[in-house]
Amino acid sequence: SRDLAKGPTPLKWGGIVDQDVRTAGAWYDDRNATPYYNEHHKAWRAKMRTFVETEITPNIDEWEKANEIPIEVYKKASEVGLLKATVGWPDIAGPQPEGFDGFFSVIALDELSNCGSGGVVWGLTGGHGIGLPPIAHYADEEMLERVAKPCFAGEKRIALAVSEATAGSDVANLATTAVEDGDDYIVNGLKKWITCGMFADFFTVAARTGEEGSGMMGISLILVERDRVGVSTRPMDCMGVKGSGTSYVEFDNVRIPQSNYIGDVTCLLRDFVTERLGLGLQANRFARVCLRESIEYARRRRAFGKLLVDQPVVRYKIANMAREVEATHAFLEGLAFRIVAVQRAGENWLNALLRLGAEAALAKVQATKTFAYCAKEAAMMHGGNSYVKGNKIESLYRHVLSLSIPGGSEDVMLDAAARLSLKGRL
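Our subject in this report is the structure included herewith. Worth saying up front: this structure is predicted, and the values here are computed from it rather than measured.

Right, let's talk about the environment of D201 for a bit. In this fold, D201 is placed in the loop between β5 (184-194) and β6 (202-208). A residue is classified by how much of its surface remains accessible, and D201, at 25% relative accessible area, is partly exposed. The spatial distance from the C-alpha of D201 to the C-alpha of E141 is 19 Å, given a sequence separation of 60 residues. Among residues more than four places away in sequence, those in contact with D201 are K156, R157, E225 and R226.

So, in structure tokens, the structure goes:
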């Protein structure tokens, strides 16, 4: 407790001077060996940290109130490499930085999430990070030039449209249809909870191209442009994620060419794996922000005649928050390394994603439960302050459900992982 009460212990890692080793993570400390990160990762992390601190964090309140991030910010995020890294930096995005691998993507999302705003993280990379990968990795050259290239440049925005009012995590029972009509599809259906739906220029849509009752294998991904006749959106007033443009998206007899077909359901299943790992990284960084805020508050708040850090119950809470956060991050790093190892071996890392389905589901649940735990403990530590708008813990607490439900709710993820493991796939 005396050590905690002293104040932060600055450390330097790859050009970043962080204020406290306890809340930054072991990989920030040059004194610690790491099996994952090298000098390229250090330089990249410093670049991401600088971008977030100068271009993102100072504008959070304004963007959350507007429920949209200005298009100029996407262009800056493209220039710094953030938009490219979060989608795996395929060839269409331009030359990769020296030493690029999957850990660049991990670092980019982790550092962006350090801003502590779910709405801004989702608004900037939510739709982009899950709507663009199927196109960037599976579409033909024409679609890459027309859609992927301007999205990577920050000139256009995209959203993934999967969830429906009666089929959120139950993707096999999606009702939206894409019926063949000559050389076209006619698309009908209503999507719900679509991140970035209010301002997306393109929608990567999960629709049933198979017969009624065809289940999961009857689902395909197709591209629908916003300016098609019959496409409409309306906003949803959600508990959190202000700035993400979450919306309903309706398709009413929308005619699109069959050339807008992206791929079968396996493209979506791979996308789910990276989405869940991304949500896990975001949730765990938010948990780390809760830990950081709690330590800073405990160092200055006095109660019952002494600082909170001198109260045993407070130290107990801090230690348990740190234990959960560090263990969760290690889990996520381990899964990321398995993808990176496939990349380094020259194999197709996209196919390797299908082997991570169960563990990605478990990692997401571990991270969102860690965030829920840390948000609650931080709120108890902050007392009445955490119940007042403008307090960071109040905002983070409202984002717990935004991560524990989307991308597959916790109960569904646990059941899916159990079923896969019982079949020998874990």
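Still to come is the rest of the account.
Another aspect to go through is empty space enclosed by the protein. Taken as a whole and judged by the stated rule, the model has 1 cavity of 30 Å³ or more. In this structure, the largest cavity spans a volume of roughly 60 Å³. Lining the largest cavity, in full, are Y74, L83, G123, L124, H128, C151, K156, R157, I158, C196 and F199. Sorting elements by how many residues they give to the lining of the largest cavity places helix α8 (residues 118-131) first, with 3 residues. Split into classes, the residues belonging to the lining of the largest cavity amount to 7 nonpolar, 2 polar and 2 charged.

With that out of the way, let us pick up the packing of aromatic side chains. Each aromatic ring pair is characterised by the separation of its centres together with the angle its planes make. The full count for this structure, using the stated rule, is 10 aromatic pairs. When the ring of Y36 is compared with that of Y37, the centres are 6.2 Å apart and the planes differ by 75 degrees; the resulting orientation is edge-to-face. Each of the two residues, Y36 as well as Y37, counts as buried. With a centroid separation of 5.3 Å and 35 degrees between ring planes, the pair formed by W44 and F104 is classed as tilted. On the criterion of sequence distance, the pair formed by W44 in helix α3 (residues 39-56) and F104 in helix α7 (residues 102-113) is long-range, its members being 60 residues apart. Among the aromatic side chains, those forming a connected cluster through ring pairs are Y36, Y37, F103 and F337. For R45, the ring lying beneath its charged end belongs to Y37, and the centroid distance is 5.5 Å.

The next subject is the nonpolar core. Within the largest apolar cluster, 129 residues are counted, with the highest numbers of intra-cluster contacts made by I56, I135 and F371. Per element, the largest residue contribution to this core is 17 residues, and it comes from helix α11 (residues 265-300). Discounting chain neighbours no more than four positions away, the residues touching F371 are A283, F286, A287, C290, L396, H399, V400 and L403. Within the second largest apolar cluster, 5 residues are counted, among which are A358, A361, M413 and A417.

Thresholds, definitions, all that
Residues numbered from 1 in each chain as written. Predicted model: local features only at pLDDT ≥ 70, side-chain atom pairs only at ≥ 80, totals over all residues. Heavy atoms only, no water. Helix = DSSP H or I, 4+ residues; strand = E, 2+ residues; numbered from the N terminus. Buried < 20%, exposed > 50% of the residue type's maximum accessible area, 1.4 Å probe, protein only. Contact = heavy atoms within 4.5 Å. 1 Å grid on protein atoms, 1.4 Å probe; cavity = no way out; pocket = protein on both sides within 12 Å on 5 of 7 lines; lining within 4 Å. Points joined across faces, edges and corners; volume = space filled by probe spheres on them. Nonpolar A, V, L, I, M, F, W, Y, C, P; charged D, E, K, R; others polar. Phe/Tyr/Trp six-rings, centres within 6.5 Å; stacked < 30°, edge-to-face > 60°. Lys NZ or Arg CZ within 6 Å of the ring centre and 35° of its normal. Core = buried A, V, L, I, M, F, W, Y, C linked by side-chain atoms within 4.5 Å.

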